[in-house]
Amino acid sequence: FLRMWKNECAKIKIPKFSRFAKCTICDNFKKALLNSKSKREREDVRKARSYHLLLQKAQRVKYYEHCRKARRNPNRYMSIIIDGMDQEATLLPHFPQPTKDDHGLWRLKTQVTGALSHGERKCYARVDQMQYPHDTNLTLNFLTDILANAA
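Residues numbered from 1 in each chain as written. Predicted model: local features only at pLDDT ≥ 70, side-chain atom pairs only at ≥ 80, totals over all residues. Heavy atoms only, no water.

### What to know about the overall build of the protein chain
And step 1. The helix and strand tally for the protein chain stands at four helices and three strands.
And step 2. Of the regular secondary structure in the protein chain, the N- to C-terminal order runs α-α-α-β-β-β-α.
And step 3. For 151 residues, the compact-globule formula gives about 15 Å, and the C-alpha radius of gyration of the protein chain, at 21 Å, lies well above that figure.
And step 4. Overall size of the protein chain, expressed as C-alpha extent along the three principal axes, is 55 × 50 × 45 Å.
And step 5. Carbon together with sulfur atoms contributes 56% to the accessible area of the protein chain, which is approximately 12900 Å² in total.
And step 6. Computing the positive centroid from 30 side-chain charges and the negative centroid from 15, the protein chain places the two 10 Å apart. (Helix = DSSP H or I, 4+ residues; strand = E, 2+ residues; numbered from the N terminus. Rg over C-alpha atoms; globule rule 2.2 N^0.38 Å. Areas by Shrake-Rupley, 256 points an atom, 1.4 Å probe, with all protein chains shown as cover. Lys, Arg positive; Asp, Glu negative; His and termini not counted. Charge placed at Lys NZ, Arg CZ, Asp CG, Glu CD.)

### Side note on the pattern of salt bridges
And step 1. The tally for this structure, following the rule as stated, stands at four salt bridges.
And step 2. Note that glutamate 65 is salt-bridged to lysine 62, the shortest N-O span being 3.7 Å. With a gap of three residues between them, glutamate 65 and lysine 62 both fall in helix α3 (residues 39-72), about one helical turn apart.
And step 3. Residue classification places lysine 62 among the partly exposed positions, given a relative accessible area of 44%.
And step 4. For aspartate 145, the salt bridge is made with arginine 126, and the minimal N-O distance between the two is 2.0 Å. Taken as a pair, aspartate 145 in helix α4 (residues 136-150) and arginine 126 in strand β3 (residues 122-128) lie far apart in primary sequence, 19 residues in all.
And step 5. Take arginine 126: its relative accessible area is 22%, and that puts it in the partly exposed class. (Salt bridge = Lys/Arg side-chain N within 4 Å of Asp/Glu carboxyl O. Buried < 20%, exposed > 50% of the residue type's maximum accessible area, 1.4 Å probe, protein only.)

### Focus on the packing of aromatic side chains
And step 1. The final tally for this structure, using the stated rule, is one aromatic pair.
And step 2. The ring centre of tyrosine 77 lies 4.6 Å from the NZ or CZ of lysine 69, which sits over that ring. (Phe/Tyr/Trp six-rings, centres within 6.5 Å; stacked < 30°, edge-to-face > 60°. Lys NZ or Arg CZ within 6 Å of the ring centre and 35° of its normal.)

### Points about the sheet that holds β3
And step 1. Spatial strand order, β1-β2-β3: three strands in an open sheet with antiparallel pairing. A single partner strand is all that each edge strand has here, and the edge strands are β1 (80-84) and β3. Put simply, the sheet's adjacent strands are angled 15° from each other on average, direction ignored.
And step 2. Strand direction decides the pairing type here: strand β2 (residues 111-117) and β3, joined by seven bridges, are antiparallel. What sits directly across from serine 117, in β3, is lysine 122.
And step 3. Strands β1, β2 and β3 of the sheet are contacted by α4, whose axis makes an angle of about 140° with β3. (Pairing = 2+ DSSP bridges. Axes fitted to C-alpha atoms, helices over the stretch in contact; angles between N-to-C directions. Contact = heavy atoms within 4.5 Å.)

### Section: the side chain of glutamine 56
And step 1. Considering the arrangement of structural elements, one finds glutamine 56 in helix α3.
And step 2. Given a relative accessible area of 19%, glutamine 56 falls into the buried group.
And step 3. Look past the residues within four positions of glutamine 56 in its chain and what remains in contact with it is Cys23 and Cys26.

Remember, this is a structural readout, not a statement about activity or role.
This is the structure we're talking about:
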């Protein structure tokens, strides 16, 4: 695999560190392991971390189960996931590699929220210029629009 990757995908660069946000709880467990003084303390942290990972896995399994149900029987089930992008990534204009001069420029703040409706196999997006508070009401309005579209 590595030989093929090197030959066929030489132009693709994978960053050393993920740009995605890390789970705060997982990060706290990592710090607790580094700061633990005794073997017993490390074992307790590892057990708590294992339980946390087990819960995360159970949530994912349940989510994928609901996605499958919605895809198999879209007239009976609906599964929707909604998420917003990091606001730093949606500033306009967007520079792939900002320079020092770019940091002083005024940029338009936007928020992009996306949704997938698994049963319908549709994608939805909403863009706003921060004119509304980004709270539960905004998410529920987006969800209401999706449900109205599906009805």
